[in-house]
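Structure assessment
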Amino acid sequence: MAFPQSECVASVQAAVRLPDRSRPADTPRNHQYWMAQAIALARAMQGRVWPNPAVGCVIVRDGEIVGRGQTQFGGRPHAERVALDDAGVQANGAVLYVTLEPCSHWGKTPPCADAIIAAGIICVHAALQDPDPRVNGGGFRRLLEAGVKVQVGLAADEARKIMAGFFHRVATGQPLLTIGARPEPPIAIPDGFDALLHSIDGRPWLTTRKKAGGAMTVALGQTSGAQALLGELGSQGLTSIYLPSDDQLVESVRARLGGTR
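Overview of the structure. Note that the structure is a prediction, hence the values are computed from the model and not measured.

About the cut-offs
- Per-chain numbering applies: the sequence of each chain, read as written, is numbered from 1 onward.
- Where local features are concerned, this predicted model is filtered to residues with pLDDT of at least 70; where side-chain atom pairs are given and counted, the filter is 80 or more; whole-chain, interface and lining totals use all residues.
- Side-chain measures here rest on the full set of heavy atoms in the structure, leaving out hydrogens and waters.
- Strands here mean DSSP runs of E at least two residues long; helices mean DSSP runs of H or I at least four residues long; both are numbered from the N terminus.
- For the exposure calls, accessible area comes from a 1.4 Å probe over protein chains only, and a residue counts as buried if that area is under 20% of its type's maximum, exposed if over 50%, partly exposed in between.
- In this description, accessible areas are obtained by the Shrake-Rupley approach with a 1.4 Å probe, and a residue is regarded as covered only by the protein chains that are shown.
- Taking the helix axis as origin, the arc is that swept by the directions to the C-beta atoms.
- The contact criterion used is simple: two residues touch if any of their non-hydrogen atoms lie within 4.5 Å.
- Strand pairing is assigned whenever DSSP detects at least two bridges linking the two strands.
- By the criterion used throughout, a crossover qualifies as right-handed when its path from the first strand across the helix to the second strand runs clockwise, the strands pointing away from the viewer.
- Aromatic pairing here means that ring centres of Phe, Tyr or Trp (its six-membered ring) are within 6.5 Å. Orientation follows from the plane angle: under 30 degrees is stacked, over 60 is edge-to-face, and everything else is tilted.
- For helices, the axis comes from a line fit to the C-alpha atoms of the stretch in contact; other axes are also lines fit to C-alpha atoms, and the angle between any two N-to-C directions lies between 0 and 180 degrees.
- Each angle gets one of four labels, with under 35 degrees taken as roughly parallel, over 145 as roughly antiparallel, 65 to 115 as roughly perpendicular, and the rest as oblique.
- Each crossing gets its handedness from the near helix: less than a right angle anticlockwise from the far helix is left-handed, clockwise is right-handed.
- Basically, the charged four are Asp, Glu, Lys and Arg, the nonpolar ten are Ala, Val, Leu, Ile, Met, Phe, Trp, Tyr, Cys and Pro, and anything else, Gly included, counts as polar.

Before going further, it helps to spend a moment on the overall build of the protein. In terms of regular secondary structure, the protein is built from 9 helices and 10 strands. Per-residue burial over the protein gives 50% buried out of 261 residues. Just so you have it, the protein exposes about 12,200 Å², and 51% of that area is on carbon and sulfur atoms.

Written out as structure tokens, the structure is:
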């Protein structure tokens, strides 16, 4: 679905015509810089926020970042909510850069699109549309209906790489599985992944991170095959799984699955 590509500048001057200041208002050539800051925030939380995607957000006013946010451990609060809280009243008349479409549905928290509107944001630059059926353009529509300008597609490739597992799970119901060299120590979760899948005496085990630090390893139930196993992990909300290439599970997974890399 295509959305209008309205121009906006990251400066309250564009909204209320304040007098010129020593720093010039932002121009389109700098939009990439602000989105890069949001991308960096998202990347830093990759692998720590399932079942939600790792999202980054910055709020810019008068050529300065006044609010930063990233999806928190376990998926909440969302990046936009954190950035809006960080910006406070300075969000009014500012521009918001976010790596994924703001949500428009009620879950455990109110919709981020509503919070953005209430805060007085005048324009939203989003890298990607959210494929989640509960959103899928609904956040953009709500913003546009409220008079907030929307631009979509800035740094889309970088954002898609960070959220590849989330997009894969939405499309298939399974986390994206990556097979690679065994980490050191042997059951450490590589950076950027939600969990490590491995076997002990032929039985699958899963290692995930704890919010307070460290990791937790649990035995998985016996399933009828790799598809069923990944389906079970997807139903738990996992988006990206790492499997060591020397593990006993690799042969069966490669023989039955195409969703690996």
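Text resumes after the structure shown.
Our next topic: helix H7 (residues 164-172). An α-helical turn contains 3.6 residues, so a residue and the one three or four places further along point in the same direction. Those residues of H7 that sit buried are Gly-165, Phe-166, His-168 and Arg-169. Along the long axis of H7, the arc covered by the buried residues comes to 165°, so they all point the same way. Looking at the packing, one finds that the buried side of H7 touches strand E6 (176-180) and helix H8 (226-235). Gly-173 sits one or two positions beyond H7 and adopts a positive phi of about 85°.

Attention now goes to the pairing of strand E4 (residues 123-126). In E4, alternate side chains face the same way, and those of Cys-123 and His-125 on one face and Val-124 and Ala-126 on the other are all buried. Relative to E4, strand E3 (residues 95-98) runs parallel, the two sharing 4 bridges. Looking at the pairing, Val-95 lines up with Cys-123 of E4. Bridge count between E4 and strand E5 (residues 149-152): 4 bridges; the pairing is parallel. Along E5, the bridge assignment pairs Val-124 with Val-150. Handedness of the β-α-β unit built from E4, helix H5 (residues 138-145) and E5 comes out right-handed.

Okay, the environment of Ala-159 next. With respect to the helices and strands, the residue Ala-159 is situated in helix H6 (residues 156-162). As a C-alpha pair, Ala-159 and Ala-126 span 33 residues in sequence and 9.7 Å in three-dimensional space. Here Ala-159 is in contact with Ile-39, Thr-99, Ala-127 and Leu-128, once residues within four sequence places are set aside.

Scanning the entire structure with this criterion turns up 3 aromatic pairs. Relative to Phe-167, the ring of Phe-166 has its centre 6.1 Å away and its plane inclined at 75°; by these criteria the two rings are edge-to-face. Residue class for Phe-166 comes out buried when judged on its relative accessible area of 4%.

With respect to topology, 5 strands assemble into an open sheet ordered E2-E1-E3-E4-E5, the strand pairing being mixed. Of all strands in the sheet, those bounded by a partner on one side alone are strand E2 (64-70) and E5. On average, each strand axis in the sheet is tilted by 15° relative to the strand beside it, whichever way the strands run.

This brings us to the packing of helix H3 (residues 79-87) against helix H4 (residues 112-119). Relative orientation of the contacting elements H3 and H4 amounts to 20°, with a least axis distance of 9 Å. By the criterion of interaxial angle, the relationship of H3 to H4 is roughly parallel. Regarding H3 and H4, the two cross each other, and that crossing is left-handed. Only Cys-112, Ala-115, Ile-116 and Ala-119 of H4 make contact with H3, whose side of the interface consists of Glu-80, Arg-81 and Leu-84. Each residue belonging to the contact of H3 with H4 can be placed in one class, and the counts come to 5 nonpolar, no polar and 2 charged.

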